Amino acid sequence: LRMTAYEIILKKRDGKELSYEEIQFMVNGLISGTIPEYQFSAFLMAIYFRGMNFKETAALTQVMINSGNTINLSQIPGPKVDKHSTGGVGDKVSLVLAPLVASLEVCVPMISGRALGHTGGTLDKLESIPGFRTILDEEEFIKILKNIGIAIIGQSSKLVPADKKIYALRDVTATVDSIPLIAASIMSKKLAEGIDGLVLDIKVGKGAFMKTLKDAKKLGQTMCAIGKLAKKKVCALLTNMYQPLGNTVGNALEVIEAIQTLKGQGPKDLLEITLNLGAEMLKISRNLSYNASRKLLINTLLSGKALEKFRMFVKLQGGDDRVIENYNILPQPKYKLPVVSPKTGYIAEIDAFKIGLLSVELGCGRKTISDTIDHSAGFIFQKKIGEKVTAGEEIALVCGNDLDKVLYVREQVINAYKISNKKVSPPKLLLGKIT
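Now for a look at the structure at hand. Here the structure is a predicted model, which is why all the values come from computation and not from measurement.

Details of the pattern of salt bridges
Here is step 1 of the chain: Applying the stated criterion to the full structure yields 26 salt bridges.
Here is step 2 of the chain: Of the charged contacts, one joins Asp-14 and Arg-13 as a salt bridge, the two residues approaching to 3.2 Å between their closest N and O atoms.
Here is step 3 of the chain: Take Asp-14: its relative accessible area is 35%, and that puts it in the partly exposed class.
Here is step 4 of the chain: With a shortest N-O distance of 2.8 Å, Lys-203 and Asp-201 are connected by a salt bridge. Asp-201 matches Lys-203 in its accessibility class, with the two residues each being buried.
Here is step 5 of the chain: One continuous salt-bridge network, built from bridges that share partners, spans Lys-92, Lys-125, Glu-254 and Glu-257.

Thoughts on the packing of helix 3 (residues 37-50) against helix 8 (residues 161-172)
Here is step 1 of the chain: Axis separation between helix 3 and helix 8 bottoms out at 10 Å; the angle between their running directions is 75°. With respect to their mutual orientation, helix 3 and helix 8 come out roughly perpendicular. Residues Glu-37, Phe-40, Ser-41 and Leu-44 of helix 3 form the contact with helix 8, whose own contacting residues are Ile-166, Leu-169 and Arg-170.
Here is step 2 of the chain: For the contact of helix 3 with helix 8, the residue count by class is four nonpolar, one polar and two charged.

Focus on the sheet that holds strand 12 (residues 417-420)
Here is step 1 of the chain: Ordered by their spatial adjacency, three strands build an open sheet running 10-8-12, and the pairing between neighbours is antiparallel. Each edge of the open sheet is held by one strand with a lone partner, namely strand 10 (388-389) and strand 12.
Here is step 2 of the chain: For strand 8 (residues 345-350) and strand 10, the ladder comprises two bridges, and the chain directions are antiparallel. The partner of Gly-345 across the bridge, within strand 10, is Val-389.

A short note on helix 2 (residues 20-32)
Here is step 1 of the chain: Across its 13 residues, helix 2 extends 18 Å between first and last C-alpha, which sits within 8% of the 18 Å expected from 1.5 Å per residue.
Here is step 2 of the chain: Here helix 2 has its buried residues at Glu-22, Ile-23, Met-26, Val-27, Gly-29 and Leu-30. Each buried residue of helix 2 lies within a common arc of 160° when the element is viewed along its axis, so the set occupies one face.
Here is step 3 of the chain: Where helix 2 is buried, its residues meet helix 1 (5-13), helix 3, helix 4 (54-65) and helix 8.
Here is step 4 of the chain: Within two residues after helix 2, Gly-33 carries a phi angle of roughly 90°, on the positive side.

The rules we used
Residues numbered from 1 in each chain as written. Predicted model: local features only at pLDDT ≥ 70, side-chain atom pairs only at ≥ 80, totals over all residues. Heavy atoms only, no water. Salt bridge = Lys/Arg side-chain N within 4 Å of Asp/Glu carboxyl O. Buried < 20%, exposed > 50% of the residue type's maximum accessible area, 1.4 Å probe, protein only. Axes fitted to C-alpha atoms, helices over the stretch in contact; angles between N-to-C directions. Helix = DSSP H or I, 4+ residues; strand = E, 2+ residues; numbered from the N terminus. Parallel < 35°, antiparallel > 145°, perpendicular 65-115°, else oblique. Contact = heavy atoms within 4.5 Å. Nonpolar A, V, L, I, M, F, W, Y, C, P; charged D, E, K, R; others polar. Pairing = 2+ DSSP bridges. Expected span 1.5 Å × (residues − 1). Arc of directions from axis to C-beta.

The following block contains the structure:
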């Protein structure tokens with residue numbers, strides 16, 4: 001009997017376990033065009049509602065890896081460790097962490113993503129640097145890694161092509177935040193890039209895909225188990241995404257904040273998350289203790305080595321490295337409109353999910369696959385949770401080149417805030433760890 005997409009969708013819709021062959025049939029059919037996107041979208045929705053067990057998720061991961069080539073990094077000496085974030089708002093950690101860890105004799109090959117739903121994408125941020133190339137062939141990727149130990153690129157059409165197609169469909173069919181789909185998407189890309197170890201940053205809270213600690217733990221356990229199956233060292237940190245990370249959201253704005261952090265002038269929360277993830281990467285690659293790693297990372301940051309590494313990285317990927325001294329090289333917003341506090345008190349909430357959605361309205365992300373991005377757009381936060389504000393005081397700036405969008409978002413953004421009469425503590429950043 002020949003398999004049909006209809007029967008497989010029906011089977012998953014009714015909550016039954018799919019075989020490796022059935023999953024393979026669906027994925028290969030999407031790639032070859034024998035299964036139309038509308039049927040695959042129905043398949044994704046069935047997975048979204050019915051879930052997949054570990055066996056099915058591992059099968060989906062493997063089928064996705066087999067859909068293209070894998071990268072062989074064996075010619076690069078030493079440990080090769082990557083970090084991956086499940087996506088947040090204001091999350092520019094990779095831009096700081098990768099050059100920092102690469103300054104400590106660890107090779108950091110990163111294959112990153114674009115903005116997805118309400119969350120920003122590392123590639124979109126880097127592309128706000130004039131000339132920066134995120135699409136490199138494998139030969140060039142390996143050459144840069146050999147040279148400086150860090151490269152951040154997008155997925156080539158040959159690497160896990162299934163993920164690229166599925167990712168785009170998930171984004172527009174509201175099936176992004178499904179644990180098996182997230183786990184398979186991330187782990188297929190990571191296992192195809194030839195690394196020895198992986199540190200996962202699983203965001204938890206309003207601005208994350210995982211809204212609860214329970215779901216975040218489940219995702220972490222699934223990904224660590226897939227990693228173990230592939231004989232890779234994998235660990236996951238659960239980090240807070242209740243409010244945006246750092247003081248900026250956008251593309252060019254976040255690049256500036258990352259450079260400031262590499263100069264030792266970054267916001268506390270961004271630095272803290274970076275140091276925690278960096279310590280885990282050094283533990284995996286160099287077997288150092290948490291305290292020794294942390295000390296080493298701080299000293300490397302203060303010495304300016306990580307900033308120099310970032311400069312070389314930008315240069316070798318075709319970007320204008322003068323951006324480090326002159327932020328005006330980046331796209332500049334025509335408009336920067338202030339948001340003022342409606343009352344006196346303490347900031348109790350900046351809803352990261354609402355900010356994420358508004359950043360897409362501004363043009364920081366995409367509503368449809370073909371949308372172009374306004375790299376200058378975004379938010380600058382002057383006050384974060386726990387800080388005191390007075391009525392009429394400026395608490396944020398809304399930036400962008402489209403005045404109508406900036407005006408609309410400025411009106412809406414105050415709905416993301418809660419201001420309390422009582423003193424509020426800043427949220428705890430680190431919520432747990434899975435090994």
